[in-house]
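Summary of the model geometry
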Amino acid sequence: MSDSAGIVQGLRDRLAGRQLIIVSNREPYVHERTDEGIQVERPSGGLVAALDPVMQACGGTWIAWGSGNADFEVTDPQGRVRVPPGAHSYLLRRVRLTQAEIDGFYYGYANQALWPLCHMALEHARFRRRAWVLYEAANQRFAEAVLAEAPDDAIVWVHDYHLARVPRYLRTARPDLFAMHFWHIPWPAWDILRACPQRGELLDGLLASDLMVFQHPRHVEHFLEAAERELGATVNRDEGLVDHDGRLTRVEAFPISVDFQALDGLARSPAAERWMRRLRRRVGLGEGQVLVLGVDRLDYTKGIPERLLALERFFQGFPQWRGRVIFAQKSSPSRTRIRAYRQLQHRVEGGIERLNATFGTPEWKPIVHLPRPLPPEGMAALYRLADACVVSSLQDGMNLVAKEYIAAQVDERGVLLLSELTGAHSELSWALPINPYDAFGTAAALAEGLMMPVDERRQRLRHLRTYVAEHDIYHWMEQHLQAASHVLASRTETRWLRDYLGEIADRVIPRARLAVVLDFDGTLAPIVSAPERAALPDRVRAALQRLVRMPHVTLAIVSGRGLDDIRARVGIDGLIYAGNHGLEMASSRWRWSHPEAERLRPRVAEAVRGLRTRVEAVPGAIVEDKGLTISVHFRQTPHPLVETVRVSAYEEAERRGLVVRAGKRVYELRPPVTWDKGAAVRWMLDREFGTDWPQRAAVIYAGDDRTDEDAFVALPDPAITVKVGPGIQPTAAAFAVRDVEEMVQFLWTLAEWEAETTATAQPSARGARPDRG
Ligand code: GDG
């Protein structure tokens, strides 16, 4: 479980004094006039639940539609008020929309075109031109509010499908403003997206962001395909980059989550315990009866009628549960001005009545509908009380209810039945999967869940709780801010190193010492399909051997491979080798490893044995023992078996107190320490040259990988950082070379300079080389 104070400090550090500006349609607090005066309400919905804790922790400005009837009575003339009431942690700036805009933008285009389109419910989609015009107008309003609030170095974070055009308006007005966009709902496959007449404008709007983030890698794939097909954009799938309209957008998948600690604490609170007693009475839960729960906004994507049908099949097929199971449906009305939503509400209410009439007895009401709002501690109590929770969405970007249930299950008694069609399904493998379109299957899964032995339930919940605790809302936020900081540090225009050789020579040659720090795979050795076959080409070896003999040069190789592996593969004496992304390093004179990682080495060995036993029978799965870390490769594993690899990796990591990092077709299990190539290289330079090395040594760092970006960011000027790669990628490196071949040429050039300098050097007391100029 994460220490929230530490995490918040970490997020603040990542922001580095920049102001965070969130832009969303829904506001986090609504002021409504009631008989008792103005009341503040918190709307239900995943977005607010997820982001309010973050804003309370980090401060900043939240820009949103002022939808309450007393909203503008409590604000200043610019529509601003500090929230939450009493705590005043951040600024809320409300955008005023006209009734026509509300109808056309919110109810019209956002909720009757984009929502059904993205959830593949084309039967509900209406693409009206007037609604589109109003959608654009409202997006313009939001953008204007951002422009009024945002300092030049702000991080603007736009949310969801209501605001797809905002990044474009921001970019047009302020080309340098940093904007990222998070899309909370699915992004549909190309064949569905094609139904939308405005798909080009939508894509263009989103691609004006610097960073575009989805819930799931599949949504990223769909988006990249659409950018290519619709806009003819250049797409780099390996790096997740789109080159459109002369700019690059990085596209990522970061699954959203909940504030685990807060929900866990709330569920244990005395207030929640009081609510549990109250709710038992309200749903009529007696001794020996079990409670099954559904929690949803009343939305046709959530599969509520399908769930009711499954319950009908359950009571028919498993009559032994009649009289013993109570199903509580907690629902909140949503978008009731749209006919499809009103119809759904009637259908749900009718379905509940019918089920109660069919199966109910004077002593037992099988389905209880809870449409009235509950406070947060009431919701936590309901989750904690429920023996099972059913999430049966037909399509869902993530589904936070599933994660909330896990966080509130502090007694570890419950079973989660989770639709395979939610984003959450890919992460929460220990839930019981259901297909909402299969009523019999869902009924059978419910029976299985209710019969599941107590030990198995607890075991599954423990895995789920560990996973969500580690991948909580702060982790998600951290992923965004880390990606943002990489993009911010990057040069948008590629500076090809070959065009700047003169400048580089001026920086390298006058220095007393030169440190050359190089990544291995992709930088010195071409990438090959089987990592164990990667080898150093002869020309590279010769260049390195030449450099290492130069008295003023310190040469180091930093790799994600294990230390012994990288050393054996390069096999040149006199270098510094750093393995496991710098968790361990060795030169001919010293050897070091990260003490905390070293302490966990025996656990890593145990995890290697555990993993090997578990994935032995999975074709293509390879467990690579790297001493301080483990890589589980699955490049050649057939798709249906990847899940086995994933579950094994996470369960072993959890059992041994390690953490999992997912890479490209590889899971890495590592000790839970904050250490990356950046930290490692700084440590190495401090050790070799003293902490004032920037004054004394010229430093060149070259790498091609995402992990090298940490070093690019960590090494301040005058270090010369070089990205090896095709060049259409934002990178924090100062220069770029196209491929390994160009890197080798550069190393030879360096060797030439050094040879000449050594030849002309005049010995001096301090060992400094004379300036050649
Ligand atoms: C979108 C995406 C994605 C629901 N009913 C009641 C109630 N809720 C609260 C839940 C939860 C939230 O609303 C619902 O979140 P979801 O994630 O399930 O769904 P959406 O609202 O559709 O959210 C979704 C999310 O954005 C975040 O990115 O996960 O995929 O569709 O917090 O607890 N709360 C109360 N009474 C209710 O009756 N108090």
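For the structure, see preceding data.
Residues numbered from 1 in each chain as written. Predicted model: local features only at pLDDT ≥ 70, side-chain atom pairs only at ≥ 80, totals over all residues. Heavy atoms only, no water.

1. A look at empty space enclosed by the protein
- All chains considered together, the criterion is met by five cavities of 30 Å³ or more.
- Within this model, the largest cavity holds a volume of roughly 90 Å³.
- As for the largest cavity, its lining consists of W430, H463, T466, Y467, E470, Y650, E651, A653, E654, L658 and V660.
- Of all the secondary-structure elements, those providing two or more residues to the lining of the largest cavity are α16 (454-470) and α23 (639-656). (1 Å grid on protein atoms, 1.4 Å probe; cavity = no way out; pocket = protein on both sides within 12 Å on 5 of 7 lines; lining within 4 Å. Points joined across faces, edges and corners; volume = space filled by probe spheres on them. Helix = DSSP H or I, 4+ residues; strand = E, 2+ residues; numbered from the N terminus.)

2. With respect to the pairing of strand β15 (residues 367-370)
- Bridge analysis of strand β14 (residues 325-332) against β15 gives four bridges, and the strand direction is parallel. In the strand pairing of β15, A328 is matched with V368.
- Once the chain exits β14 it traverses helix α12 (residues 339-359) before rejoining the sheet at β15, and the crossover so formed is right-handed. (Pairing = 2+ DSSP bridges. Right-handed = clockwise from strand over helix to strand, strands pointing away.)

3. Considerations on helix α10 (residues 270-283)
- A rise of 1.5 Å per residue sets the reference length of α10, with its 14 residues, at 20 Å; its end C-alpha atoms lie 20 Å apart and thus fit the reference within 8%.
- When we look at burial in α10, the residues that qualify are A272, W275, M276, L279 and V283. Along the axis of α10, the buried residues cluster in a sector spanning 110°; they form a single face. Of the residues in α10, the exposed ones pointing more than 90 degrees away from the buried face are P270, R277 and R281.
- Of the surrounding secondary structure, the elements contacted by the buried residues of α10 are α9 (260-268), β13 (290-297), β14, β15 and α13 (376-385).
- Backbone geometry just downstream of α10 places G284 in the positive-phi region, at approximately 75°. (Expected span 1.5 Å × (residues − 1). Buried < 20%, exposed > 50% of the residue type's maximum accessible area, 1.4 Å probe, protein only. Arc of directions from axis to C-beta. Contact = heavy atoms within 4.5 Å.)

4. Side note on a positive patch on the surface
- A grouping of R274, R277, R278, R281, R282 and R372 is seen on the molecular surface, where their side chains present a positively charged patch.
- Here R372 lies in the loop between β15 and α13. (Patch = residues over 30% accessible without salt bridge, like charges linked within 9 Å, V, L, I, M, F, W, Y side chains within 5 Å. Areas by Shrake-Rupley, 256 points an atom, 1.4 Å probe, with all protein chains shown as cover. Salt bridge = Lys/Arg side-chain N within 4 Å of Asp/Glu carboxyl O. Lys, Arg positive; Asp, Glu negative; His and termini not counted. Charge placed at Lys NZ, Arg CZ, Asp CG, Glu CD.)

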